[in-house]
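# Tertiary structure, described
Here is what each chain is made of, one letter per residue.
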Amino acid sequence: MKRQFKVGDHVSWNSEAGRVRGTIKKKVTSPMRFKNYVVRASRKEPQYLIKSDKTDHLAMHKGTALKKIASKK
């Protein structure tokens, strides 16, 4: 089953620095350029723009890389 998320969901994912947490800011459903690479998103396989809680860094990830967690307080 594919994981579907929505804007505002609080999620976590693995990075080189360990587990990161953030909030989904946008669901991307078509190819687009992001940080000098092409994100191959589609309606069947969307990707998500996420803002890190700690650094405000923006990242793009597939739903399979994300895990929904409890909302931040």
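So, here's what we can say about the structure. A quick note: this is a predicted structure, and the numbers were derived from the prediction, not measured.

## Looking at the overall build of the protein chain
Of the regular secondary structure elements, the protein chain holds 0 helices and 7 strands. The order of α-helices and β-strands along the protein chain, N terminus first, is β-β-β-β-β-β-β. By the compact-globule yardstick of 11 Å for 73 residues, the protein chain fits well, its C-alpha radius of gyration being 12 Å. With the C-alpha coordinates aligned to their principal axes, the bounding extent of the protein chain is approximately 30 × 30 × 20 Å. Counting only residues that meet the buried cut, the protein chain has 36% of its 73 residues in that class. The contacts of the protein chain with a sequence gap of at least 6 include a subset with a gap of at least 24, amounting to 45%. Carbon and sulfur atoms form 51% of the exposed surface of the protein chain, whose accessible area is close to 5,400 Å².

## Observations concerning the nonpolar core
Judged by nonpolar contacts, Phe5, Val11, Trp13, Val20, Ile24, Tyr48, Ile50, Ala59 and Leu66 together constitute the single largest core of 9 residues. Breaking this core down by element, the ones donating at least two residues are strand E1 (10-15), strand E2 (18-28) and strand E5 (47-52). What Leu66 contacts, discounting residues up to four positions off in sequence, is Arg3, Phe5, Val11, Ser12, Trp13, Ile24, Tyr48, Ile50 and His61. Of all hydrophobic cores here, the second largest spans 6 residues; its members include Val28, Val39, Ala41 and Leu49.

## Regarding the pairing of E1
Two elements, E1 and E2, share 6 bridges in a ladder whose sense is antiparallel. By the bridge assignment, Trp13 is partnered in E2 with Val20. Between E1 and E2, which pair antiparallel and follow one another directly, the connecting turn spans 2 residues. Bridge count for E1 against strand E7 (residues 67-68) is 2 bridges, and the pairing is antiparallel. If you follow Val11 over to E7, its bridge partner there is Lys68.

## Quick notes on the pairing of E5
With 5 of 6 residues buried, E5 is to be regarded as a mostly interior element. Judged from the 6 bridges that link them, E2 and E5 form a sheet pairing that is antiparallel. The residue of E5 that forms the bridge with Lys26 is Leu49. Bridge analysis of E5 against strand E6 (residues 58-62) gives 5 bridges, and the strand direction is antiparallel. By the bridge assignment for E6, Ile50 is matched with Ala59. Where E5 folds back on E6, the antiparallel hairpin that results is connected by 5 residues, among which Asp56 adopts a positive phi of roughly 65 degrees.

What counts, and where the lines are drawn
- Residues numbered from 1 in each chain as written.
- Predicted model: local features only at pLDDT ≥ 70, side-chain atom pairs only at ≥ 80, totals over all residues.
- Heavy atoms only, no water.
- Helix = DSSP H or I, 4+ residues; strand = E, 2+ residues; numbered from the N terminus.
- Rg over C-alpha atoms; globule rule 2.2 N^0.38 Å.
- Buried < 20%, exposed > 50% of the residue type's maximum accessible area, 1.4 Å probe, protein only.
- Contact = heavy atoms within 4.5 Å.
- Areas by Shrake-Rupley, 256 points an atom, 1.4 Å probe, with all protein chains shown as cover.
- Core = buried A, V, L, I, M, F, W, Y, C linked by side-chain atoms within 4.5 Å.
- Pairing = 2+ DSSP bridges.

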